[in-house]
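# Observations on the model geometry
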Amino acid sequence: METQPRALCSQLTSQHGLCDVTLTGAFLSWKEAETCRRRAAGHAYDPRKAGAFKKGGRCVPLCEIVAVQETEGEDPGADTGERRSAPRSPAECNQHAFTVSYVERGRKHRWQCSEVTFRCTESRLCLQWLQAIKEQLALLTTRPKRLLVYINPYGGKQRGKRIYEQKVAPIFCRASISTDVIVTERANHARDHLKTEADLQKYDGIVCVGGDGMFSEVMHGLISRTQRDTGADQNCSGETLVECSLRVGIIPAGSTDCVCYATVGSNDPVTSALHIVVGDSQPMDVCSIRADDTFLRYSVSLLGYGFYGDMLTDSERKRWMGPARYDLSGVKTFLSHRYYEGTVSFLLADSNVGTPRDKLQCRSGCNICQQPSADKRLCGKEDRALDGEAKGAWQVIRGKFLAINAACMSCACPRSPKGLSPSAHLANGTVDLILVHKCSRLDFFRHLLRHTNKDDQFDHPFVEVYRVRQFRFTPRCQETASELELELREGDGVGRARFFSQICRKHPACGCMPTHSCWNCDGEILPHAGIEVRVHCQLIKLFARGIEEQTVFDDPYTLCAI
Ligand SMILES: Nc1ncnc2c1ncn2[C@@H]1O[C@H](COP(=O)(O)OP(=O)(O)OP(=O)(O)O)[C@@H](O)[C@H]1O
């Protein structure tokens, strides 16, 4: 028989005075006690105190309570940082207390762990409250109890270990989450450990402390391990990959924390730790990248050829500079203004998953991500039938590109708060393919500038954007003889020019454009130019809930009204 959540209602004392505290199956709320309010309305009214109490009232969803603990020898002013000037009265000394830690929302999607202590004179009542809240928390089965934590001690400003120990571990401890912590000793340590050694049965989730590179390691390890354990072959083209059951939490401690920012809305370790504690779950699409029929890598954020590929290649040579290298390499790559020729082929996504320019941003509980995607509907025989059908739907664009970007998510970050593709979705089984054709430096600058302001970066004649399920890129130097011949025949005069430029590209001594760039795959260089990309809908899950609409939570009383 299902356990019924216990409801309680008592008058207890908090640091703001006597209050009515209510526990239901969904909320814990407290507000100024009726008797106090009536007294405050009469001659004993003290506006200063009444205001303070109003501020102290709250309605906290049960799922956002971090923990409840009996408070021994507590000081009623301790949770607000107030110091008691007077010794405790004999009445206070006879009181029993319990402290509730809960999620409190701050500005810019930040969460913090707040506390409230309730006191009462009866030990039985205090125990009743403690037990009732603990029982309710025990019903929240999506919360992790045991986590495997990987810390990159060299990520970002090399503060990963300190961030974990000072900001995250105390929250896990308060929430009674046990952890096995591995501080990595080399690159790919976490990936290899997850792939082969880790006893994943023991854990409810994995946490990585570091930047996007560290997350990518953990993701690769987890996906590979899941496929191996379930008999799926990630190297086989067209294989339906098996979703990973363990969730991944990201504690941001890198120089780029784009995945964390796009899924939580902030780069704050405490916020991430709290999303893990409350057991949030955010599915996320993953792209698999292949070249010459061989699996290369997975990507969850940005795949960029041309501008972003060149910028990453240059910045890797300047690692000694730290995060400032991205700015310098960005300017250098912009000034070089290189373009690359090639052919992009893609399979458009279904219309029910929106379009890159529809301004429907992916937010917590996104409707579009809850639509069954084409990728999900495909399996077995159906898969082959639909794939055959889809073959006719491939679109082909040949041209000279300054950048080819595939955004699996918005790629929002503090510098570009709306991101590379503001309406891209985390889990709808698609990727937004952005083609920036050759244009003047000034136009390209205008396009880049629009990533930082409110203007539409796709509203330029030289930019095309498509929501796709699969795409391929073939650089001109890899195009087959028949494709090149076709192109030469397409325009006579142009043909001659292209013929000569083809000779030039084969002779680097003449100093003309390089024939191809490389791909920036979530911040890692992929040396291949010709690739094939397929989106795997909701292949992994994060301890996150997507970016919340902030306004709902501005008023602590709003939740009571919901
Ligand atoms: N102990 C280690 N020693 C050296 N490299 C490591 C170690 N642990 C992890 N790495 C590697 O460090 C790379 C960068 O890590 P991370 O993403 O955490 O930091 P970052 O500063 O954001 O990275 P980047 O410098 O790429 O922006 C990752 O690709 C990861 O494979």
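The chain carries the name DAGKc domain-containing protein in an unreviewed UniProt entry, which gives Electrophorus electricus as its organism.

A few words now on the overall build of the chain. Scanning the chain for helices and strands turns up 17 helices and 21 strands. Looking at the chain as a whole, 52% of its 562 residues are labelled buried. When contacts within the chain are restricted to residue pairs at least 6 apart in sequence, long-range pairs at least 24 apart make up 77% of them. Of the roughly 27000 Å² of accessible surface on the chain, a fraction of 52% belongs to carbon and sulfur atoms.

Let's shift gears to the packing of helix 10 (residues 307–316) against helix 11 (residues 325–336). Contact pair helix 10 / helix 11: the axes reach a minimum separation of 8 Å and the direction vectors enclose 130 degrees. The angle between helix 10 and helix 11 falls in the class oblique. For the crossing formed where helix 10 meets helix 11, the hand is right-handed. Contacts between helix 10 and helix 11 involve Phe307, Asp310, Met311, Asp314 and Ser315 from the former and Arg325, Tyr326, Ser329, Gly330, Lys332, Thr333 and Phe334 from the latter.

The next point concerns the site of the ligand. Taken together, 23 residues lie around the ligand, and Gly156, Thr184, Gly211, Glu217 and Ser255 are the ones closest in. In this structure, an oxygen atom belonging to the ligand sits 2.7 Å away from a main-chain N or O atom of Gly156. Gly211 has a polar backbone atom sitting 2.7 Å from an oxygen atom of the ligand. Notes on the ligand: free accessible area 630 Å², of which the protein chains cover 84%. For the shell around the ligand, the elements supplying multiple residues, two or more each, are helix 7 (212–230) and helix 11. In terms of residue count, the dominant contributor to the shell around the ligand is helix 7 (4 residues). Here the shell around the ligand gathers at least three residues from each of two domains, domain 2 (142–281 + 543–562) and domain 3 (298–537).

The grouping of Leu442, Phe445 and Leu449 at the surface amounts to a nonpolar patch, some 280 Å² of accessible area in total. Among the structural elements, Leu442 can be located in helix 14 (residues 441–449).

With that settled, consider the confidence of the model for the chain. Of the residues in the chain, 79% have a pLDDT of 70 or more, and the chain-wide mean is 84. In this model, residues 75–87 is a region of pLDDT below 50 whose contacts with residues beyond four sequence positions or in other chains number 13 contacts. Counted against residues more than four places away or in other chains, residues 490–511, with its pLDDT under 50, gives 14 contacts.

Neither face of strand 4 (residues 58–61) is left uncovered, since the one carrying Arg58 and Val60 and the one carrying Cys59 and Pro61 both have all their residues buried. Here strand 3 (residues 27–32) pairs with strand 4 via 4 bridges, running antiparallel. The residue of strand 4 that forms the bridge with Ser29 is Cys59.

Core analysis: the biggest nonpolar cluster contains 63 residues, and Tyr150, Phe215, Met284, Ile540 and Leu542 have the highest contact counts within it. A per-element tally of this core places helix 7 first, with 6 residues. When residues of this core are assigned to domains, at least three fall in each of domain 2 (142–281 + 543–562) and domain 3 (298–537). Ignoring sequence-local partners within four residues, the contact set of Met284 consists of Phe215, Val259, Thr263, Val300, Met409, Leu426, Ala427, Gln538, Leu539, Ile540 and Leu542. With 27 residues, the next largest nonpolar core counts Phe401, Ile404, Trp519 and Val535 among its residues.

The next point concerns the pattern of salt bridges. All told, the structure shown has 26 salt bridges when counted by the stated rule. Note that Glu104 is salt-bridged to Arg58, the shortest N-O span being 2.3 Å. Of this pair, Glu104 sits in strand 6 (residues 96–105) while Arg58 sits in strand 4, and the two are 46 residues apart along the sequence. For the salt bridge of Asp459 with Arg357, the shortest nitrogen-to-oxygen distance reads 3.9 Å.

Time to look at the side chain of Arg534. You can see Arg534 is positioned in strand 21 (residues 531–542). Polar side-chain contacts of Arg534 include one of 3.2 Å to the backbone oxygen of Glu239.

The next thing to look at is helix 14. Every buried residue belonging to helix 14 is among Phe444, His447 and Leu448, and all of these are buried. All buried residues of helix 14 project into a common sector of 95 degrees when viewed along the axis, lining one side. Considering only its buried residues, helix 14 is in contact with helix 10, helix 11, strand 16 (394–407), strand 17 (431–437) and strand 18 (463–475).

Let's shift gears to the environment of His220. Among the structural elements, His220 can be located in helix 7. Not counting the four nearest positions on each side in its chain, His220 is found in contact with Arg191, Arg297 and Tyr298. Polar side-chain contacts of His220 include one of 2.8 Å to the backbone oxygen of Ser216.

It is worth spelling out the packing of aromatic side chains at this point. Evaluation of the coordinates by the stated rule reveals 16 aromatic pairs. Arranged with centres 6.2 Å apart and planes meeting at 65 degrees, the rings of Tyr164 and Phe172 form a pair that is edge-to-face. Across this residue pair, the class does not change: Tyr164 and Phe172 are buried. Through a chain of ring-to-ring contacts, three or more aromatic side chains come together here, namely Trp30, Phe98, Tyr102, Phe118 and Trp129.

Even without a glycine there, the phi angle at Gln158 is positive, about 60 degrees. With a phi angle near 55 degrees, Ser176 is a residue other than glycine that sits in the positive phi range. With respect to the helices and strands, Ser176 occurs in the loop between helix 5 (160–174) and strand 9 (178–183). A relative accessible area of 62% places Ser176 in the exposed class.

All right, on to the environment of Thr99 then. Mapped onto the elements of the fold, Thr99 is located in strand 6. Note on Thr99: relative accessible area 9%, which makes it buried. Spatially, the C-alpha atoms of Thr99 and Glu115 are 6.5 Å apart, while their sequence positions differ by 16 residues. If we ignore the near neighbours within four places in the chain, the residues touching Thr99 are Ala67, Val68, Gln69, Thr71, Glu115, Val116 and Thr117. Looking at Thr99, its side chain comes within polar contact range of the side chain of Thr117, at 2.8 Å.

Conventions used here
- Residues numbered from 1 in each chain as written.
- Predicted model: local features only at pLDDT ≥ 70, side-chain atom pairs only at ≥ 80, totals over all residues.
- Heavy atoms only, no water.
- Helix = DSSP H or I, 4+ residues; strand = E, 2+ residues; numbered from the N terminus.
- Buried < 20%, exposed > 50% of the residue type's maximum accessible area, 1.4 Å probe, protein only.
- Contact = heavy atoms within 4.5 Å.
- Areas by Shrake-Rupley, 256 points an atom, 1.4 Å probe, with all protein chains shown as cover.
- Axes fitted to C-alpha atoms, helices over the stretch in contact; angles between N-to-C directions.
- Parallel < 35°, antiparallel > 145°, perpendicular 65-115°, else oblique.
- Left-handed = near helix turned anticlockwise from the far one by under 90°.
- Near = heavy atom within 4 Å.
- Polar contact = N/O pair within 3.5 Å; in protein donor to acceptor, adjacent residues only side chain to side chain.
- Domains from an automatic or database assignment.
- Patch = residues over 30% accessible without salt bridge, like charges linked within 9 Å, V, L, I, M, F, W, Y side chains within 5 Å.
- Salt bridge = Lys/Arg side-chain N within 4 Å of Asp/Glu carboxyl O.
- pLDDT = per-residue confidence, 0-100.
- Pairing = 2+ DSSP bridges.
- Core = buried A, V, L, I, M, F, W, Y, C linked by side-chain atoms within 4.5 Å.
- Arc of directions from axis to C-beta.
- Phe/Tyr/Trp six-rings, centres within 6.5 Å; stacked < 30°, edge-to-face > 60°.

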